[in-house]
Amino acid sequence: MVTELVNSSELIKVDPVFGQQSFDNHEQVVFCNDKDTGLKAIIGIHNTVLGPALGGTRMWNYESEWDALNDVLRLSRGMTFKSAITGLNLGGGKAVIIGDAKTQKTPELMKRFGEFVHSLSGRYITAEDVGMTTEDMDLVREVTPYVTGISESKGGAGNPSPITAYGVFMGMKAAAKFAYGSDILEDRVIYVEGIGNVGEALVEHLSNEGAKVFISDLNRERLEYVRDKYKAVIYEGDNLYGEAMDIYAPCALGATVNDATIHQLKAKVIAGAANNQLADEQKHGTMLRERGIVYAPDFLINAGGIINVYAELENYGKHEIIRKTENIYNTTLEILNNADTNNITTHQAAFDIAQARIDARKKEN
Ligand code: NAD
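Residues numbered from 1 in each chain as written. Predicted model: local features only at pLDDT ≥ 70, side-chain atom pairs only at ≥ 80, totals over all residues. Heavy atoms only, no water.

1. Quick notes on the confidence of the model for the protein
Short version of the rule: For every residue, the predictor assigns a confidence score, pLDDT, that lies between 0 and 100. The contact rule is simple, with two residues in contact once any of their heavy atoms fall within 4.5 Å.
Confidence in the prediction for the protein averages 94 pLDDT; 96% of positions are at 70 or higher. With pLDDT under 50 throughout, residues 1-9 is counted as low confidence; its partners more than four residues away or in other chains account for 14 contacts.

2. A closer look at the site of the ligand
As a reminder, the rule being used: Nearness is judged by heavy atoms alone; a residue qualifies as near a molecule or strand once a single heavy atom is within 4 Å of it. Each polar contact in these results corresponds to two N or O atoms within 3.5 Å; when the atoms are within protein, one needs to be able to donate a hydrogen and the other to accept it, and residues that are neighboring in sequence are counted only if both atoms are side-chain atoms. A 1.4 Å probe and the Shrake-Rupley method give the accessible areas. Residues count as covered only by the protein chains that appear here.
As a structural note, the neighbourhood of the ligand is formed by 20 residues, with Arg58, Thr164, Asp217, Ala252 and Asn275 the closest of them. One of the side-chain N or O atoms of threonine 164 is found 2.7 Å from an oxygen atom in the ligand. Between an oxygen atom of the ligand and a side-chain N or O atom of aspartate 217, the distance comes to 2.6 Å. For the ligand, the accessible surface in isolation is 830 Å², of which the surrounding protein chains cover 84%.

3. Quick look at the pattern of salt bridges
Test applied: Just to be clear on terms, a salt bridge is a Lys or Arg side-chain nitrogen sitting within 4 Å of an Asp or Glu carboxyl oxygen. Note on conventions: DSSP H or I runs of at least 4 residues are helices, E runs of at least 2 residues are strands, and numbering of each starts at the N terminus. Only protein chains enter the accessibility calculation, which uses a 1.4 Å probe. A residue is then buried if its area is under 20% of the maximum for its type, exposed if over 50%, and partly exposed in between.
The tally for this structure, following the rule as stated, stands at 21 salt bridges. Aspartate 34 is the salt-bridge partner of arginine 112, the closest N and O atoms lying 3.1 Å from each other. Of this pair, arginine 112 sits in helix H2 (residues 107-118) while aspartate 34 sits in strand S1 (residues 28-34); the two residues are 78 residues apart in sequence, bridging distant segments of the chain. For arginine 112, a relative accessible area of 25% puts it in the partly exposed group. Between arginine 227 and aspartate 228 there is a salt bridge, with its nearest N and O atoms 2.9 Å apart. Arginine 227 gets classed as partly exposed once you look at its relative accessible area, which sits at 32%. When salt bridges that share partners are traced, they join Arg58, Asp71, Lys94 and Asp129 into one network.

4. What about unusual backbone geometry?
The backbone of serine 121 shows a phi angle near 55°, a positive value even though the residue is not glycine. Mapped onto the secondary structure, serine 121 falls in the loop between H2 and strand S6 (124-125). Non-glycine residue alanine 255 carries a positive phi angle of around 65°. Here alanine 255 is to be found in the loop between strand S10 (247-250) and helix H7 (259-262).

5. What to know about H2
Applicable threshold: Expected span, for any helix, means 1.5 Å times one less than how many residues it has. Directions pointing from the helix axis toward each C-beta atom define the arc.
For H2, which comprises 12 residues, the first-to-last C-alpha distance of 16 Å matches the rise-based estimate of 16 Å (1.5 Å per residue) to within 8%. For H2, the full list of buried residues reads Leu109, Met110, Phe113, Gly114, Phe116 and Val117. Buried residues of H2, viewed axially, fall in a sector of 155°; they line one side. Against the buried residues of H2 lie S1, strand S2 (39-47), strand S4 (57-60), strand S5 (91-98), S6 and helix H3 (134-141).

6. Things to note about the pairing of S1
Note the threshold: DSSP calls a pair of strands paired once it identifies at least 2 bridges connecting them.
Two strands pair when backbone bridges link them, and S1 and S2 are joined in this way by 7 bridges, in the antiparallel orientation. Bridging from a neighbouring strand, glutamine 28 pairs with isoleucine 45 of S2.

7. A word on the layout of surface pockets
How we decide: Cavities and pockets are found on a 1 Å grid laid over the protein atoms alone: a cavity is a set of points where a 1.4 Å probe fits but cannot escape, a pocket is an open set with protein on both sides within 12 Å along at least five of seven lines, and a lining residue has an atom within 4 Å of such a point. Grid points are joined across faces, edges and corners, and a volume is the space filled by probe spheres set on the points. Note on residue categories: nonpolar means Ala, Val, Leu, Ile, Met, Phe, Trp, Tyr, Cys or Pro, charged means Asp, Glu, Lys or Arg, and polar means any other residue, Gly included. Delimitation of the domains relies on an automatic or database domain assignment.
The volume enclosed by the second largest pocket comes to roughly 290 Å³. Lining the second largest pocket we find Gln21, Ser22, Phe23, Asp24, Arg74, Arg77, Asn276, Leu278, Ala279, Asp280 and Glu281. Of the residues contributing to the lining of the second largest pocket, the split by class is 3 nonpolar, 3 polar and 5 charged. Two domains each donate at least three residues to the lining of the second largest pocket, and these are domain 1 (3-77 + 90-154) and domain 2 (162-356).

8. Structural notes on the packing of aromatic side chains
The test is simple: A pair of Phe, Tyr and Trp rings is counted when the ring centres sit within 6.5 Å of each other, with Trp represented by its six-membered ring. The angle between the planes then sorts it: under 30 degrees is stacked, over 60 is edge-to-face, the rest tilted. We count a charge as sitting over a ring when the NZ of a lysine or the CZ of an arginine lies within 6 Å of the ring centre and within 35 degrees of the ring normal.
Overall, the coordinates contain 6 aromatic pairs when judged by the stated rule. Look at phenylalanine 81 and phenylalanine 351: their rings are 4.4 Å apart centre to centre, the planes differ by 45°, and that puts the pair in the tilted class. One end of the pair, phenylalanine 81, is in helix H1 (residues 65-86); the other, phenylalanine 351, is in helix H12 (residues 346-364), and 270 residues separate them in sequence. Given the relative accessible area of 4%, phenylalanine 81 is considered buried. Aromatic rings pair up to connect Tyr191, Phe214 and Tyr235 into one cluster. A cation over a ring is seen here: arginine 188 above tyrosine 180, with NZ or CZ 3.7 Å from the ring centre. Across from the ring centre of tyrosine 316, 4.7 Å away, lies the NZ or CZ of lysine 324, which sits over that ring.

9. Concerning helix H4 (residues 161-180)
With 20 residues, H4 extends 27 Å between its outermost C-alpha atoms, agreeing within 8% with the 28 Å of an ideal straight helix rising 1.5 Å per residue. For H4, the tally of buried residues reaches 16 of 20 residues, placing the bulk of the element in the interior. Taken from the residues just after H4, glycine 181 is the one with a positive phi, measuring 85°.

10. Let's talk about the side chain of threonine 331
Position of threonine 331 among the secondary structure elements: in helix H11 (residues 318-342). Judged by relative accessible area, threonine 331 falls into the buried class, the value being 18%. A distance of 3.0 Å separates the side chain of threonine 331 from the backbone oxygen of asparagine 327, its partner in a polar contact.

11. Remarks on empty space enclosed by the protein
Over the atoms rolls a probe the size of a water molecule, and in doing so it shows where empty space is left. Counted according to the given criterion, the structure contains 1 cavity of 30 Å³ or more. In this structure, the largest cavity is lined by 18 residues; those nearest its centre are Gly78, Asn276, Glu281, Asp298 and Phe299. Taken together, the elements giving at least two residues each to the lining of the largest cavity come down to H1, helix H9 (298-301) and H12. Looking at the lining of the largest cavity element by element, the count peaks at 7 residues for H1.

12. Quick word on the side chain of asparagine 258
You can see asparagine 258 is positioned in the loop between S10 and H7. From its side chain, asparagine 258 meets the backbone oxygen of alanine 255 in a polar contact 2.9 Å long.

See below:
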């Protein structure tokens with residue numbers, strides 16, 4: 001596949017969408033552009049067999065449009081399997097807005113984005129992801145009902161990140177139980193990479209349990225804030241993957257488990273919030289299995305957020321949100337055991353269950 005246009009008169013044949021490596025029979029990909037607000041967004045709808053495609057919007061300063069497209073395709077596909085394995089009647093979708101959330105996000109841009117979401121008549125329902133807040137979703141709500149993750153004061157379930165972190169904590173405990181025979185995290189050395197909304201809340205759970213928590217982030221101010229609040233240790237090096245640790249918790253962006261990092265990893269467990277942690281699901285899932293590293297599939301253990309926003313559509317309360325999120329412990333343990341018994345990767349074991357649920361529904365329809 002050629003991924004570059006030399007110049008307009010010399011148009012090289014490209015396969016920009018259907019030929020993308022990350023394209024996996026997505027149902028619909030929508031490009032949104034608005035000159036006045038500077039909005040450039042892509043909405044990916046991967047699969048709607050189980051229900052409307054629900055997934056957050058990420059605002060990120062991508063190096064290229066290819067990176068943005070690749071990200072939205074990978075993320076929306078991940079949402080399909082996340083909702084399926086969690087037992088929710090939702091399909092998989094996601095959106096990315098190209099730009100710097102700190103300097104380029106305006107109320108006008110968010111509302112314009114909301115209008116594009118509205119134009120899809122509910123096939124895609126949005127929520128927050130990296131670079132977004134509940135306040136941003138409140139702005140989107142002004143122009144469309146197809147948004148979740150809005151403020152509690154406006155009738156929503158509020159910021160999903162603390163629930164996501166709680167689910168990750170549950171999944172991490174299950175993985176520790178599988179790897180070490182105990183789910184008690186006290187004194188475990190845990191590296192949390194990325195201490196944004198989810199990472200910080202995870203650090204809180206880990207600190208409360210007495211784990212030895214190391215934190216890393218690109219944002220120095222946040223690092224110092226989280227260090228002071230939870231007595232975590234700032235990792236000052238530039239390559240945490242090779243450090244001695246029990247658990248690696250990726251909570252920044254995806255693809256940090258890759259050719260370059262796997263062979264350095266000393267952790268026996270990987271359990272974090274980031275979506276798409278494996279750069280290549282098949283290859284890197286297999287490498288982890290061969291190295292005896294227990295990987296808690298990201299789309300399984302970071303489902304707390306979608307459980308939280310789904311409550312807005314199904315009208316269930318906090319009690320049910322917590323119950324569903326705590327169940328991530330049992331599902332994770334089940335899947336780790338299943339992968340072990342069947343000699344397959346943990347990612348594959350989770351994926352197979354999710355796919356089977358989608359296939360069964362498709363047959364019914
Ligand atoms: P966030 O934007 O609040 O935080 C991300 C943090 O990662 C930021 O502090 C950023 O500075 C840091 N970061 C970025 N690149 C980094 C790098 N290379 N090294 C170290 N730190 C880096 O985002 P969030 O809502 O906390 O989400 C974190 C991850 O979890 C994302 O991958 C997101 O898709 C995933 N996730 C979030 C939710 C949710 O409820 N928010 C749900 C499911 C999955």
